[in-house]
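# Fold and contact review
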Amino acid sequence: MPKKETITAQGTEIAVLSRGSDDDFLSLTDLAKYKNADYPSEIIQNWMRNRSTVEFLGLWERIHNPEFNYLEFEVIDREAGRNSFVLTPKRWIDSVNAIGMTSRQGRYAATYAAKDIAFKFAAWISAEFELYVIKDYQRLKSDENNRAALDWNLQRTLSKINYRIHTDAIKEQLIPKVVTKSQIGFVYASEADLLNVALFGMTAVEWRTANPHKDGNMRDHASLEQLVVLSNMESINALLIRQGFPQSERLIQLNTTAITQMKSLLGASVQKRL
């Protein structure tokens, strides 16, 4: 389900159904309250009966909606501009199979529209109001991006902490008492690549060969879900090392764990966006 956020423009609170992407919907009902708090639905209908509005809505649907009903749109388009013409959100949605607008009836009636449409409506109400709406919407998206970056950095830090636990287990269980520095480095690199292969399907060297123009390493370019799984895998591998499992068996178990956890995380992410 989309997450409900709120922006404020010139003292008017406007609900935003945020999917964390570029397809957010803003409440036309809240926007209309800036002009008339008692009769917002009438304000929306007055806007929708304009020929220029109908043309804009039709163009938006042509671009974004493969199931757009062109025949029904032509009927509405011919009527637009006449004194007797009336167009409600529900009629628009039902007639042309619109996806750029949603309308809920009943006690908590509200109409939402894709942000492009909502900004167009705000501009019709007032150019100044539109600028304040866009400004606070941009503030909301900036805050979301900052939170996402914070989550990513948190998971990267957690991954580094678990890496220390991981390397301590290697030192205790896999490295002989007397070894050279190059031998120690080789064992660490081998174990790091064990995780890389289990999760990313390649070693660090293979990734650098395939991505010569990218900075950092593959973990620096990992998704948030991959970093979560990597953090879990480091703890699991440390436990398997202490239990004496050989590397070949650990690779199989870690790869199975990576597949299962990534499916779960990505599945949850998809459900969250719907």
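Just so you know, the residues in each chain are numbered from 1, in the order the chain's sequence is written. Under the rules for a predicted model, residues below a pLDDT of 70 receive no local features and side-chain atom pairs below 80 are neither given nor counted, while totals for whole chains, interfaces and linings still include all residues. Each side-chain value is worked out from all heavy atoms of the structure, with water and hydrogens disregarded.

### Here we look at the pattern of salt bridges
Salt bridges are defined as contacts in which a side-chain nitrogen from Lys or Arg sits within 4 Å of a carboxyl oxygen from Asp or Glu. Scanning all chains against the criterion turns up nine salt bridges. One salt bridge in this structure joins R51 and E55, with 3.9 Å as the shortest N-O distance. Residue R51 and its partner E55 are both found in helix α3 (residues 51–64); the two are separated by four residues, about one turn of the helix. Owing to a relative accessible area of 41%, E55 belongs among the partly exposed residues under this scheme. A salt bridge links D94 to K90; the nearest nitrogen and oxygen atoms lie 2.7 Å apart. Residue D94 and its partner K90 are located together in helix α5 (residues 89–96), separated by four residues, close to a single helical turn. A 1.4 Å probe rolled over the protein chains alone gives each residue an accessible area, and that area as a share of the maximum for its type sets the label: buried under 20%, exposed over 50%, partly exposed in between. Residue K90 is classed as partly exposed on the basis of its relative accessible area of 44%. Where helices and strands are cited, they refer to DSSP runs of H or I of at least four residues and of E of at least two residues respectively, numbered from the N terminus.

### A closer look at helix α4 (residues 70–79)
Polar contacts, as used here, are pairs of N or O atoms within 3.5 Å; protein pairs need one atom able to donate a hydrogen and one able to accept it. Residues neighboring in sequence count only if both atoms are side-chain atoms. Near the N-terminus of α4, the side chain that reaches the backbone nitrogen of L71, with its oxygen 3.3 Å away, is that of N69. Positive backbone phi, at 95°, marks G81, one or two positions downstream of α4.

### A word on the sheet that holds strand β5 (residues 110–114)
Read from one edge to the other, the open sheet built from five strands follows the order β1-β2-β3-β5-β4, with strand pairing classed as antiparallel. Bordering the open sheet on either side are β1 (3–9) and β4 (101–104), each of which pairs with just one other strand. Each neighbouring strand pair of the sheet contributes to a mean axis angle of 25°, computed without reference to strand direction. The pairing criterion is simple: DSSP has to find at least two bridges between the two strands. Two strands pair when backbone bridges link them, and strand β2 (residues 12–18) and strand β3 (residues 25–27) are joined in this way by two bridges, in the antiparallel orientation. Looking at the pairing, L17 lines up with F25 of β3. The strands touched by α5 within the sheet are β4 and β5, with β4 carrying the most contacts at an inclination of about 125°. Helix axes are fitted to C-alpha atoms over the stretch in contact, other axes to C-alpha atoms as well, and angles between N-to-C directions run from 0 to 180 degrees. In what follows, a contact means two residues having at least one pair of non-hydrogen atoms within 4.5 Å.

### Things to note about the nonpolar core
Core analysis: the biggest nonpolar cluster contains 43 residues, and L26, L28, L31, W92, M101, F121 and V133 have the highest contact counts within it. With six residues, the single largest contributor to this core is helix α6 (residues 115–125). The residues touching L26, leaving out its near neighbours within four places in the chain, are I7, I14, A15, V16, T111, Y112, A113, K115, A118, F119, V133 and Y137. What is meant by a nonpolar core is a set of buried Ala, Val, Leu, Ile, Met, Phe, Trp, Tyr and Cys residues, joined one to another through side-chain atoms within 4.5 Å. L199, W207, V229 and M233 belong to the second largest nonpolar core, which has 15 residues in total.

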